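Chain residues, written in single-letter form:
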Amino acid sequence: MLAGFCAFLDLYATQPLLPMLVRVFHATEVMVSLTVTVATVGVALAAPFAGSISDRAGRKSTIVWSSAALGVFTVLAAWSPGLNALLFWRFLQGVFTPGIFAVTIAYIHDEWHGSESGQATAAYVSGTVVGGFSGRFISGFIATHLDWRWVFVALGVLNLAGALAMWRWLPRERSRPRAVGAAGFAAVGEHLRNPKLLATYAVGFCVLFSMTSVFTYITFYLAAAPFHLLPASLGSLFFVYLIGAAITPVSGRWIDRFGQRLALATAIGAGVAGVLLTLVQNLGAVVVGLAICCTGVFIAQASASSYIGVATKHKRALAVGLYATFYYAGGSAGAAVPGFVWRAGGWPACVALIAAVQVLTVALALMLWSDAHVAPAPEEAALP
């Protein structure tokens, strides 16, 4: 649970701070949104290599040292003299994040078996949800009452404390896994030639594009008239993230019963309706719209990640790793691309872009997915 918490404590923590950072650094919305983009770029670049590094260094060591490095870089971000330095530290935060989340999933399946594996995975996923919410909430609260730099000090200290706790409490692995050979890497090309997998990767890209776009640029919308929300209130918006995370586990039964295509189409329909509801200039309507959108995107993510089991019958762990790369690449694009339409048309233009991307997501699935049913495997459903 601590591993999941530490992995996603920092990744999106700057979202409630973005309107404040525009003023602090005298920068544009596009430039400050890069504090989200560069972190997810780091994740996308490092995710495929985290497993092979842990094969050689050991699962526990990789998890603990990655969390410690994440803590150090987060604290160093507090002393950034300008936006460029902050972006540099945010990128390094992203690079070391897969050393926790990707390796923890592998560690669980190496060390636990049967029902115990499910319990351990559930604890980990709970930690990711709480960590992702806490990072945003803590950053908004601290930035409202103290200087923004204290956000990174507090989050870095939490990461370092988590690393120390995992070093003390996480059992050392009982056996070292075998390193991945050339045959494993050769399978990458085969996966990328599989049209069903490519469609799944594209869906994953679009899913996190939508989620990151919504929760990055909604902060600029709500910080301006007529809402005028402070960072603490913007951080509190992420309570809807917990609502979506609580509802999403039920979607597994819907996916099993109706299939991934129908579940995805229904979820995306809800997501589009939710993001359109945010155009109503009433805070209650915006919060309800965000909750609906968040839930829809989470269910779409469960549908896409579970379809990996349908699209490939071998080297699934590698397929999941590639999915993570496309998924977080979508997050990077979602933090950067809407900034250009924001400057042209504000939040309504961003909503139009997000809705178009979600419609594209459904179109890809309907064209290239089959109607097969498969239950999500723990390692396939673990990306927040």
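The notes below deal with the structure included here. As the structure is a computational prediction, the values presented were derived from the model and not from experiment. (Residues numbered from 1 in each chain as written. Predicted model: local features only at pLDDT ≥ 70, side-chain atom pairs only at ≥ 80, totals over all residues. Heavy atoms only, no water.)

A few points about the packing of aromatic side chains
Here is the rule: Aromatic rings from Phe, Tyr and Trp, taking only the six-membered ring of Trp, are treated as a pair when their centres fall within 6.5 Å; an angle between ring planes under 30 degrees marks them as stacked, one over 60 as edge-to-face, and anything in between as tilted. The secondary structure listing takes helices from DSSP runs of H or I that are at least 4 residues long and strands from runs of E that are at least 2 residues long, numbered from the N terminus. Using a 1.4 Å probe on the protein chains alone, a residue whose accessible area is under 20% of its type maximum counts as buried, one over 50% counts as exposed, and one in between counts as partly exposed.
In total, this model carries 21 aromatic pairs according to the counting rule given. When the centroid spacing of 6.4 Å and the interplanar angle of 50° are considered together, the rings of Y201 and Y323 count as tilted. Remark: Y323 occurs in helix α17 (residues 316–336) and Y201 occurs in helix α10 (residues 195–223); sequence separation between them is 122 residues. Both residues of the pair, Y201 and Y323, belong to the buried class.

So, the pattern of salt bridges
So the rule is basically this: Each salt bridge in this description consists of a side-chain nitrogen of Lys or Arg and a carboxyl oxygen of Asp or Glu lying within 4 Å of one another.
Summed over all chains, the structure comprises one salt bridge. The shortest N-O distance in the salt bridge between R149 and D147 comes to 4.0 Å. Under the relative-accessibility criterion, R149 is labelled partly exposed at 29%. Judged by relative accessible area, D147 falls into the partly exposed class, the value being 38%.

Overview of helix α15 (residues 283–306)
Condition: Every helix has an expected span of 1.5 Å times one less than the residues it contains.
For α15, spanning 24 residues, the distance from its first C-alpha to its last is 35 Å, which sits close to the expected 34 Å at 1.5 Å a residue. Counting buried residues along α15, 19 of its 24 residues qualify, which places the element largely inside the surrounding structure.

Focus on the packing of helix α4 (residues 59–77) against helix α8 (residues 149–169)
Packed helices, taken two at a time, are described by their axes: the angle between them and the distance between them. Selection criterion: Angles shown run from 0 to 180 degrees and are taken between the N-to-C directions of axes, each axis being a line fitted to C-alpha atoms and, for helices, limited to the stretch in contact. Here the word oblique covers every angle except those under 35 degrees (roughly parallel), over 145 (roughly antiparallel) and from 65 to 115 (roughly perpendicular). Handedness of a crossing follows from how the near helix is turned relative to the far one, being left-handed for an anticlockwise turn of less than a right angle and right-handed for a clockwise one. The contact criterion used throughout is that any non-hydrogen atoms of two residues lie within 4.5 Å. Ten residues, namely Ala, Val, Leu, Ile, Met, Phe, Trp, Tyr, Cys and Pro, are considered nonpolar, four, namely Asp, Glu, Lys and Arg, are considered charged, and the remaining ones, Gly among them, are considered polar.
At a closest axis distance of 7 Å, the pairing of α4 and α8 adopts a crossing angle of 160°. Considering their axes alone, α4 and α8 lie roughly antiparallel with respect to each other. Note that α4 runs across α8; the crossing there is left-handed. Contact residues: α4 offers K60, I63, V64, S67, A68, L70, G71, V72, T74, V75 and A77, while α8 offers F152, V153, L155, G156, V157, N159, L160, G162, A163, M166 and W167. Among the residues forming the contact of α4 with α8, the class breakdown is 15 nonpolar, six polar and one charged.

Some points on the side chain of Q93
Along the chain, Q93 falls in helix α5 (residues 83–96). For Q93, a relative accessible area of 2% corresponds to the buried category. For Q93, the contacting residues outside a window of four places in its chain are D10, L70, F73 and T74.

Examining the nonpolar core
A general trend in soluble globular proteins is that nonpolar side chains are found buried together. Stated formally: Among buried residues, the Ala, Val, Leu, Ile, Met, Phe, Trp, Tyr and Cys ones that are joined through side-chain atoms within 4.5 Å form a nonpolar core.
In terms of nonpolar packing, the biggest core is built from 111 residues, with L222, Y328 and W347 touching the most fellow members. When residues of this core are assigned to their parent elements, the largest contribution, 14 residues, is made by α10. Setting aside its immediate chain neighbours within four residues, L222 contacts F227, H228, L229, L234, L237, L283 and V286.

Side note on unusual backbone geometry
The amide bond that connects A225 to the next residue, P226, takes the cis arrangement and shows omega of 5°. Summarising the element assignment, P226 is placed in the loop between α10 and α11 (231–236). The residue H26 is not glycine, and still its phi comes out positive at about 50°. Within the secondary structure layout, H26 lies in the loop between α2 (18–25) and α3 (29–57). Non-glycine residue H228 carries a positive phi angle of around 55°. In this fold, H228 is placed in the loop between α10 and α11. Looking at H228, the relative accessible area reads 53%, which means it is exposed.

Structural measurements only, silent on function.
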